[in-house]
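Summary of structural features
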Amino acid sequence: MDKPRLVTALDELPISGHVLELACGTGQWTQHLAGRARTLTALDAAPEMLRIARARMRGTATRFIEADVFDWEPDRQYDTIFFAFWLSHVPPVEMEAFWALLRWALAPGGCAVFIDDSPAKAELEELVAEAHVPTVRRRLADGSQHLTVKVLHDVPSLTSQMNDLGWEAHIDPIDAYHLAGTARPREDA
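Let me begin by describing the structure that accompanies this report. Since the structure is predicted, the reported quantities are computational estimates derived from the model, not experimental observations.

Reading guide: rules and limits
- Residues numbered from 1 in each chain as written.
- Predicted model: local features only at pLDDT ≥ 70, side-chain atom pairs only at ≥ 80, totals over all residues.
- Heavy atoms only, no water.
- Core = buried A, V, L, I, M, F, W, Y, C linked by side-chain atoms within 4.5 Å.
- Buried < 20%, exposed > 50% of the residue type's maximum accessible area, 1.4 Å probe, protein only.
- Helix = DSSP H or I, 4+ residues; strand = E, 2+ residues; numbered from the N terminus.
- Contact = heavy atoms within 4.5 Å.
- Phe/Tyr/Trp six-rings, centres within 6.5 Å; stacked < 30°, edge-to-face > 60°.
- Pairing = 2+ DSSP bridges.
- Axes fitted to C-alpha atoms, helices over the stretch in contact; angles between N-to-C directions.

Description of the nonpolar core
One broad rule of soluble globular proteins: the nonpolar side chains tend to lie buried together. With 29 residues, the main nonpolar core has Leu22, Phe83, Phe98 and Trp99 as its most contacted residues. At the level of secondary structure, the elements contributing two or more residues to this core comprise β4 (78-84), α4 (95-105), β5 (106-117), α5 (155-164), β9 (167-175) and β10 (178-185). For this core, the leading source of residues is α4, giving 6 residues. Those residues in contact with Phe98 that lie beyond four places of it in its chain are Leu22, Val69, Phe83, Trp86, Leu87 and Val90. Counting 23 residues, the second-largest nonpolar core is a separate cluster that includes Val19, Phe64, Ile115 and Ala180.

In C-alpha cells form, the structure reads like this:
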C-alpha cells in the first residue's frame, strides 16, 4: 500500500464537521481525520483494535464506540461518514442495509467518503474459490490464516449500484490498486 499517496488522496476529500469513522481499526486513518473534524467518533467491532486506536489518539477528544456496524444504531447524525478499506468487506447481501444505515446517520447535506481497493488488488490477494461470497485468505506474520469477505468494486459498477440505492456517487481511481469516493443521498430517492 502506498500510504503517502493515499494520505494525499484523503487530504483532497471533503471531510469536515461532525465526523464518524466506520471500522477505524488501529486508528491509522483516525489520526488524519482529527485535525479536520469539529468532533470525531470512531467505531470498530474489535476491542483489541480500539485499544490501539485509543492509545494512538491519546490527548484528543475522539469518541470511540465498540460495535458491529451491521448491528449499530447511531445516537446522532454526522456531517461526514468516512471509511477506509471497509466497503470491500461489506458482503453483497448487506450493501443495501449498509447504505440505508449511512443515510440514517448522515445529517442533511452530509456525505459519505471512502478509500478502498480496486479490482487490480485481486492479483495480490489469495482468492478462495469455494466461498459463497467473495473471500480472500490472509496469512499473518504469526503464521495464522484468516478468511475475510473481499468484494473488489470497479468504478462504473459501484457508481451504478450506488445510484440504484439512491446515492449520487463520485468515484475515481487513486492509483492502479485504490479508489476514492464521495456519496450523497439523492433527495428523490
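The rest of the description comes next.
A short note on the packing of aromatic side chains
Aromatic ring pairs are defined here through the distance separating the ring centres and the angle between the ring planes. The full count for this structure, using the stated rule, is 8 aromatic pairs. A centroid spacing of 6.4 Å and a plane angle of 70° characterise the contact between Trp99 and Phe114, whose relative ring orientation is edge-to-face. Taken together, the positions of Trp99 in helix α4 and Phe114 in strand β5 put the pair 15 residues apart, joining distant regions of the chain. Residue class for Trp99 comes out buried when judged on its relative accessible area of 1%. Assessed through its relative accessible area of 0%, Phe114 is described here as buried. Ring geometry for Trp99 versus Trp167: centroids 4.9 Å apart, planes at 65°, classification edge-to-face. Linking Trp99 in helix α4 with Trp167 in strand β9, this pair joins segments that are 68 residues apart in sequence. For the pair Trp99 and Trp167, a shared accessibility class is recorded, and that class is buried. Here the aromatic residues Phe83, Phe98, Trp99, Phe114 and Trp167 are joined through ring pairs into a cluster of three or more.

A look at unusual backbone geometry
Within the chain, Ala23 stands out as a residue other than glycine whose phi angle is a positive 55°. When you line up the elements, Ala23 lands in the loop between β1 (18-21) and α2 (30-33). Residues other than glycine seldom take positive phi values, yet Phe85 does so here, at roughly 55°. Mapping Phe85 onto the fold places it in the loop between β4 and α4. Given a relative accessible area of 15%, Phe85 falls into the buried group.

Brief notes about the sheet that holds β5
Pairing within the open sheet is mixed, and its 7 strands lie in the order β3-β2-β1-β4-β5-β10-β9. Single-partner strands in this sheet number two, and they are β3 (63-66) and β9. With strand direction ignored, the average angle separating the axes of adjacent strands in the sheet is 15°. The strands that helix α1 (residues 3-11) touches are β4, β5, β9 and β10; relative to β9, the one it contacts most, it runs at about 150°. Contacts between α5 and the sheet are confined to β5, β9 and β10, with β9 contributing the most and set at about 165° to the helix.

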